[in-house]
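# Results of the structural survey
Here is how the chains run, residue by residue.
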Amino acid sequence: MNAPETATPAGNPARKKALTAVAAAVAVAGIAYGAYYALVLNHYEHTDNAYVQGNVVQLTPQVSGTVLAINADDTDFVKAGQVIVRLDPADAQVALDQAEAQLAQTVREVRTLFANNATLKAQIALREADLARAQSDVARAQDDVSRRSPLLATGAVGKEEFNHANSQLTAAKSAVMAAQSAALAAREQLTSNQALTDNTSVEQHPNVLRASARVREAYLAVKRADLAAPVDGYIAKRSVQLGQRVQAGAPLMSVIALKQVWVDANFKESQLKNLRIGQPVTLTADMYGNKVEYHGKVDGLGAGTGAAFALLPAQNATGNWIKVVQRLPVRVALDAQEVAAHPLRVGLSMEARVDVSDTSGKTLADAPRSGGVAQHTVGEANHADADAEARKIIAANLGRAVRPAVQASRAAAPAAASVQATAAVMAASSTAIVSGK
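Basis of the calculations
- Residues numbered from 1 in each chain as written.
- Predicted model: local features only at pLDDT ≥ 70, side-chain atom pairs only at ≥ 80, totals over all residues.
- Heavy atoms only, no water.
- Helix = DSSP H or I, 4+ residues; strand = E, 2+ residues; numbered from the N terminus.
- Buried < 20%, exposed > 50% of the residue type's maximum accessible area, 1.4 Å probe, protein only.
- Areas by Shrake-Rupley, 256 points an atom, 1.4 Å probe, with all protein chains shown as cover.
- Core = buried A, V, L, I, M, F, W, Y, C linked by side-chain atoms within 4.5 Å.
- Contact = heavy atoms within 4.5 Å.
- Salt bridge = Lys/Arg side-chain N within 4 Å of Asp/Glu carboxyl O.
- pLDDT = per-residue confidence, 0-100.
- Pairing = 2+ DSSP bridges.
- Axes fitted to C-alpha atoms, helices over the stretch in contact; angles between N-to-C directions.
- Parallel < 35°, antiparallel > 145°, perpendicular 65-115°, else oblique.
- Left-handed = near helix turned anticlockwise from the far one by under 90°.
- Nonpolar A, V, L, I, M, F, W, Y, C, P; charged D, E, K, R; others polar.
- Expected span 1.5 Å × (residues − 1).
- Phe/Tyr/Trp six-rings, centres within 6.5 Å; stacked < 30°, edge-to-face > 60°.
- Lys NZ or Arg CZ within 6 Å of the ring centre and 35° of its normal.
- Polar contact = N/O pair within 3.5 Å; in protein donor to acceptor, adjacent residues only side chain to side chain.

## Focus: the overall build of the protein
The number of helices and strands found in the protein is eight helices and twelve strands. Looking at the protein residue by residue over its 437 residues, the buried ones come to 30%. Accessible surface, the protein: about 27000 Å² in total, of which carbon and sulfur atoms supply 55%.

Dropping the structure here:
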């Protein structure tokens with residue numbers, strides 16, 4: 001007799017429902033994530049390899065000297081133009097005094113050159129008058145010899161008298177030759193002196209300009225003994241000490257303008273496809289956390305990766321080459337008001353998220369920047385003061401008030417006309433004296 005068959009137990013309906021619900025939830029979550037990625041995440045590029053950058057302006061002396069005073073230390077705020085370091089100006093002041101004395105002497109020497117033109121012209125007039133008188137004496141002596149020569153044979157004129165007339169003629173001819181030589185020497189001397197003064201004035205004479213340049217150079221050296229901050233910012237990396245002998249170009253400290261910072265966000269190669277200039281960027285700093293957000297825009301994409309500009313760049317052509325994903329720095333400009341509300345420091349870590357939904361922008365700039373990146377205006381007043389100092393010395397040794405440099409060139413023609421008029425007066429006076437004689 002066969003054994004009774006056992007019935008197959010029915011499945012657990014509750015377990016099946018639970019597994020089905022889990023599978024459905026996973027599928028819904030996947031679909032939702034896919035939709036979220038397609039609609040949202042796909043429009044953003046994110047990186048946490050981003051750091052705050054800024055202009056680290058080094059304070060370096062333009063002249064060598066000994067440090068007398070230090071007026072700011074690390075973390076101090078300084079204004080542009082504020083004197084931070086003072087050097088000993090004694091040597092520069094001595095050089096300035098010497099340059100000023102040399103300029104004064106040069107102006108007086110050049111004035112003498114211009115005055116000599118008139119004197120030499122009068123000398124020429126005098127020598128020409130001497131020559132004319134000597135030629136008249138020759139003519140009279142020649143007439144005396146010519147009159148006495150036929151009378152010598154008849155005995156009307158003695159031989160001694162005739163020889164005396166001949167001696168006078170010879171002396172008169174010698175006087176003419178001497179007068180001719182003197183007149184020629186006077187003309188050559190005038191030509192030589194005019195070569196030093198033609199087409200110029202005392203102020204524009206090369207010797208005066210050279211001496212003026214030395215005065216300006218020495219004046220600037222004195223003013224450069226005071227080292228002023230080139231920009232508003234905070235002191236960092238102070239290395240200078242009191243009494244230290246510093247050389248021109250040696251870095252003494254740095255001034256960091258924290259109001260003019262930006263972010264360099266280093267994106268991977270695979271993230272650069274949709275990055276464009278002008279795209280909006282949202283950033284957070286580890287210093288403040290996610291509660292503080294900064295908003296900026298892409299200001300530009302770097303021209304090369306960090307490895308390309310490294311001190312020892314990778315040699316990818318070697319046999320031991322291993323591919324490493326490269327990163328390209330992307331410069332992000334920040335909102336100045338947000339930076340002022342929550343100040344940043346150079347080197348702080350940031351997280352950047354770029355909205356790449358709008359790809360109509362450019363990947364590379366195609367036009368030069370309209371304005372300058374930075375401009376150093378500290379010290380411009382020193383150049384104007386140096387020019388004024390040189391003009392003051394020139395005017396003092398010319399015997400007249402200080403005039404602007406522009407007017408100095410316009411005075412060249414009147415000065416030359418005055419010299420010529422003086423020469424004409426002196427020449428006329430010399431001729432009148434000779435004629436009266």
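## Brief notes about the nonpolar core
Counting residues in each nonpolar core, the largest one holds 28 residues, and the members touching the most others are Val 263, Leu 275, Leu 283, Tyr 294, Leu 334 and Met 350. Sorting the residues of this core by element identifies β1 (44-59), β8 (253-268), β9 (280-285), β10 (289-301), β11 (327-334) and β12 (349-355) as the ones contributing at least two each. When residues in this core are grouped by element, the largest group, six residues, is from β8. Sequence-distant contacts of Tyr 294, defined by excluding residues within four places in its chain, comprise Val 281, Thr 282, Leu 283, Ala 285, Tyr 288, Leu 334, Glu 338, Val 339, His 342, Leu 344 and Met 350. Grouped together as the second largest cluster of nonpolar side chains are 21 residues, Ala 92, Ala 218, Val 222 and Ala 390 included.

## Notes on the pattern of salt bridges
Scanning all chains against the criterion turns up seven salt bridges. Residues Asp 226 and Arg 86 are paired through a salt bridge, measuring 3.1 Å at the closest nitrogen-oxygen approach. Here Asp 226 is found in strand β5 (residues 226-228), whereas its partner Arg 86 is found in strand β4 (residues 83-87), with 140 residues between them in sequence. The exposure class assigned to Asp 226 is partly exposed, which follows from its relative accessible area of 33%. A salt bridge links Lys 362 to Asp 366, with the shortest nitrogen-to-oxygen separation between them at 2.5 Å. With a relative accessible area of 45%, Lys 362 lands in the partly exposed category. Looking at Asp 366, the relative accessible area reads 58%, which means it is exposed.

## Things to note about the confidence of the model for the protein
Detailed reading of the predicted model is not advised wherever pLDDT is low. Averaged over the protein, the pLDDT score is 80; the fraction of residues at 70 or greater is 78%. This model gives residues 402-437 a pLDDT under 50, and the stretch forms 34 contacts once residues within four places in sequence are excluded.

## A few points about the pairing of strand β6 (residues 233-236)
The two faces of the sheet receive side chains in turn, since in a regular strand these alternate between them. Two strands pair when backbone bridges link them, and strand β3 (residues 77-78) and β6 are joined in this way by two bridges, in the antiparallel orientation. Within the sheet, the bridge partner assigned to Phe 77 lies in β6 and is Tyr 234. With three bridges joining them, β6 and β8 adopt antiparallel strand pairing. Each bridged residue has a counterpart across the sheet, and for Ala 236 the counterpart in β8 is Ser 254.

## Some points on the sheet that holds β5
Within a sheet, each strand pairs with its neighbour through backbone hydrogen bonds, oriented either parallel or antiparallel. Strand order in the open sheet formed by four strands is β5-β4-β2-β7, and the pairing between neighbours is antiparallel. Two strands bound the open sheet, and with one partner strand each, they are β5 and β7 (245-246). With two bridges connecting them, strand β2 (residues 65-70) and β7 associate as antiparallel partners. What sits directly across from Gly 65, in β7, is Val 246.

## A closer look at the packing of helix α4 (residues 206-223) against helix α6 (residues 380-398)
Viewed as axis vectors pointing N to C, α4 and α6 meet at an angle of 135°, and their least axial separation amounts to 9 Å. Here α4 lies oblique to α6, going by the angle between them. At the point where α4 passes α6, the crossing takes the right-handed sense. Counting all contacts with α4, which are made through Val 208, Ser 212, Val 215, Arg 216, Tyr 219, Leu 220 and Lys 223, the residues of α6 involved are Asn 382, His 383, Asp 385, Ala 386, Asp 387, Glu 389, Ala 390, Ile 393 and Ile 394. Partitioned by chemical class, the residues of the contact of α4 with α6 number eight nonpolar, three polar and five charged.

## Here we look at α6
Its 19 residues place the ends of α6 28 Å apart at the C-alpha level, agreeing with the 27 Å of an ideal helix rising 1.5 Å per residue. Three or more residues of α6 are buried, namely Ala 386, Glu 389, Ala 390, Ile 393, Ile 394, Ala 395, Asn 397 and Leu 398. Immediately downstream of α6, the backbone of Gly 399 shows phi near 80°, a positive value.

## Notes on the packing of aromatic side chains
What the rule picks out here adds up to one aromatic pair. Sitting over the ring of Trp 262, Arg 331 keeps its end group 3.8 Å from the ring centre. Lying across the ring of Tyr 44, Arg 353 places its NZ or CZ 4.5 Å from the centre.

## Some points on the side chain of Glu 203
Relative to the elements of secondary structure, Glu 203 occurs in the loop between α3 (159-195) and α4. Looking at Glu 203, the relative accessible area reads 9%, which means it is buried. For Glu 203, the side chain forms a polar contact with the side chain of Ser 201, separated by 3.4 Å.

## Some thoughts on the side chain of Gln 279
Its location among the elements puts Gln 279 in the loop between β8 and β9. What makes Gln 279 buried here is its relative accessible area of 3%. A polar contact is formed between the side chain of Gln 279 and the backbone nitrogen of Arg 276, at a distance of 2.9 Å. When near neighbours in sequence (up to four residues on either side) are disregarded, Gln 279 contacts Asn 274, Gly 296, Lys 297, Val 298, Val 354, Asp 355, Val 356, Asp 358 and Thr 359.

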